[in-house]
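Descriptive analysis of the structure
Residue strings, one per chain:
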Amino acid sequence: MLRGADWQGVRASLIAELAATLDDAARLRRETDPLAPVHGFTLEQAYEIQRASIALRHGRGEKPVGVKLGFTSRAKMVQMGVDSLIWGLLTDAMLYEEGATVPLDHFIHPRVEPELCFLTSRPIDRPLTLLEAAGYLAGVAPAMEIIDSRFRNFKFNLEDVVADNCSSAGVVVGEFSPDVGDLANRGVTMRFNGRPVAMGSTGAILGNPLRSVVQASRLASAAGLTLPAGSLIMAGAATAAEALAPGLHVSVDIGGLGRAEFTTG
Ligand code: OOG
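Rules used throughout
- Residues numbered from 1 in each chain as written.
- Predicted model: local features only at pLDDT ≥ 70, side-chain atom pairs only at ≥ 80, totals over all residues.
- Heavy atoms only, no water.
- Core = buried A, V, L, I, M, F, W, Y, C linked by side-chain atoms within 4.5 Å.
- Buried < 20%, exposed > 50% of the residue type's maximum accessible area, 1.4 Å probe, protein only.
- Helix = DSSP H or I, 4+ residues; strand = E, 2+ residues; numbered from the N terminus.
- Contact = heavy atoms within 4.5 Å.
- Polar contact = N/O pair within 3.5 Å; in protein donor to acceptor, adjacent residues only side chain to side chain.
- Near = heavy atom within 4 Å.
- Areas by Shrake-Rupley, 256 points an atom, 1.4 Å probe, with all protein chains shown as cover.
- Nonpolar A, V, L, I, M, F, W, Y, C, P; charged D, E, K, R; others polar.
- Salt bridge = Lys/Arg side-chain N within 4 Å of Asp/Glu carboxyl O.
- Expected span 1.5 Å × (residues − 1).

1. What to know about the nonpolar core
Counting 72 residues, the largest nonpolar core has Phe118, Leu244 and Phe262 as its most contacted members. Among the nonpolar cores identified, the runner-up in size contains ten residues, and Cys117, Ala141, Ala143 and Val171 belong to it.

So this is what it looks like as structure tokens:
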């Protein structure tokens, strides 16, 4: 019979193995079958797999740049059939220059979502209230997230998507504005070649996207992490995601904040 210490060892090596599977899938742009139904890991273990896979990226020299939240809007929960807020970790290798061409061969089956991106001005090392959140921010920008599930056909359950770093793959951030005071109802329009493909309101993000900062502070402190000053916080999509194809000019306009755009190559 396996004793406590042996179980710990088995568990640690399974977490490392699953982290490597997902890291390989992302690096080699190769879909993988769902892992949670086979290995039966918990949500807590899914976050351990996520951190282990990010550690592999850090080991290759990628630098942490912030966090992203997922499933902060009903539209996204309904689209993916998952109903809990999740978070993932961003590295500098996921940043694509605003206005530039994003090569789609970096991804498996990329989709894009309209978002807001916050920039922190002070370290966040404890759970913040909604009233406090603005005081920790240097600005907010129109942004888009490119998600690219490593799972076949973008099909996953909650544990799998968390282990897969919440499908994080690319981030495009526009210009930051310092005023983060009144973001609860700004119009959001995402366009492909000038044609609107997704429309909504920033209010779709937890009623007020500043709540994403509150949630990020709670999740980070529960995980024992400090978000340093200068971190990005991607608030989560305001609408469902749209599949990308080559040769698209993709833009998002957010009322009062301006536009972010890129072209697919
Ligand atoms: C998971 C990521 C969800 C969001 O903004 O809701 C997400 C997925 O849909 O693949 O990034």
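Now, onward.
2. Details of the environment of Arg191
Looking at where Arg191 falls in the secondary structure, it is placed in strand S8 (residues 187–192). With residues near it in sequence (within four places) discarded, Arg191 still touches Pro196, Val197, His249, Val250, Ser251, Asp253 and Arg259. One polar contact links Arg191 to Asp253, side chain to side chain, over a distance of 3.0 Å.

3. What about the side chain of Ser168?
Structurally, Ser168 can be placed in strand S7 (residues 168–173). Here the side chain of Ser168 touches Asn165 through a polar contact of 2.6 Å, landing on its backbone oxygen. Excluding anything up to four places from it in sequence, Ser168 contacts Lys68, Leu90, Met94, Glu145, Ile146 and Arg150.

4. Notes on the site of the ligand
Neighbouring the ligand are 17 residues, the closest being Lys68, Phe71, Lys76, Ser167 and Ala237. Contact distances for the ligand include 2.7 Å between an oxygen atom and a side-chain N or O atom of Lys76. With respect to the ligand, the side chain of Glu115 contributes an N or O atom lying 3.3 Å from an oxygen atom. For the ligand, whose free accessible area comes to 310 Å², the fraction covered by protein is 100%. At the level of secondary structure, the elements contributing two or more residues to the shell around the ligand comprise strand S1 (64–70), helix H4 (74–80), strand S5 (111–120) and strand S6 (137–147). Counting residues per element, the shell around the ligand draws most heavily on S1, at three residues. Its residues assigned to classes, the shell around the ligand comprises nine nonpolar, three polar and five charged.

5. Overview of the pattern of salt bridges
This structure, assessed with the given rule, holds 13 salt bridges. Here Asp23 and Arg27 are joined by a salt bridge, their closest N and O atoms 3.6 Å apart. You can see Asp23 and its partner Arg27 sitting in helix H1 (residues 4–27), four residues apart, about one turn around the helix. Arg126 is the salt-bridge partner of Glu132, the closest N and O atoms lying 3.0 Å from each other. Given the relative accessible area of 28%, Glu132 is considered partly exposed. Several salt bridges converge on common partners, so that one network encompasses Asp23, Asp24, Arg27 and Arg60.

6. Re the environment of Gly200
Positionally, Gly200 belongs in strand S9 (residues 195–201). Among the residues examined, Gly200 registers a relative accessible area of 32% and is labelled partly exposed. Linking Gly200 and Thr72, residues 128 residues apart in sequence, is a C-alpha distance of 14 Å.

7. Regarding helix H7 (residues 210–222)
Its 13 residues place the ends of H7 19 Å apart at the C-alpha level, agreeing with the 18 Å of an ideal helix rising 1.5 Å per residue. Taken residue by residue, H7 has Leu210, Ser212, Val213, Val214, Ala216, Ser217 and Ala220 as its buried positions. Those residues of H7 that are buried lie in contact with S1, strand S2 (86–91), S5, helix H5 (130–133), S6 and strand S10 (232–234). One or two positions beyond H7, positive phi appears at Gly224, with a value near 75°.

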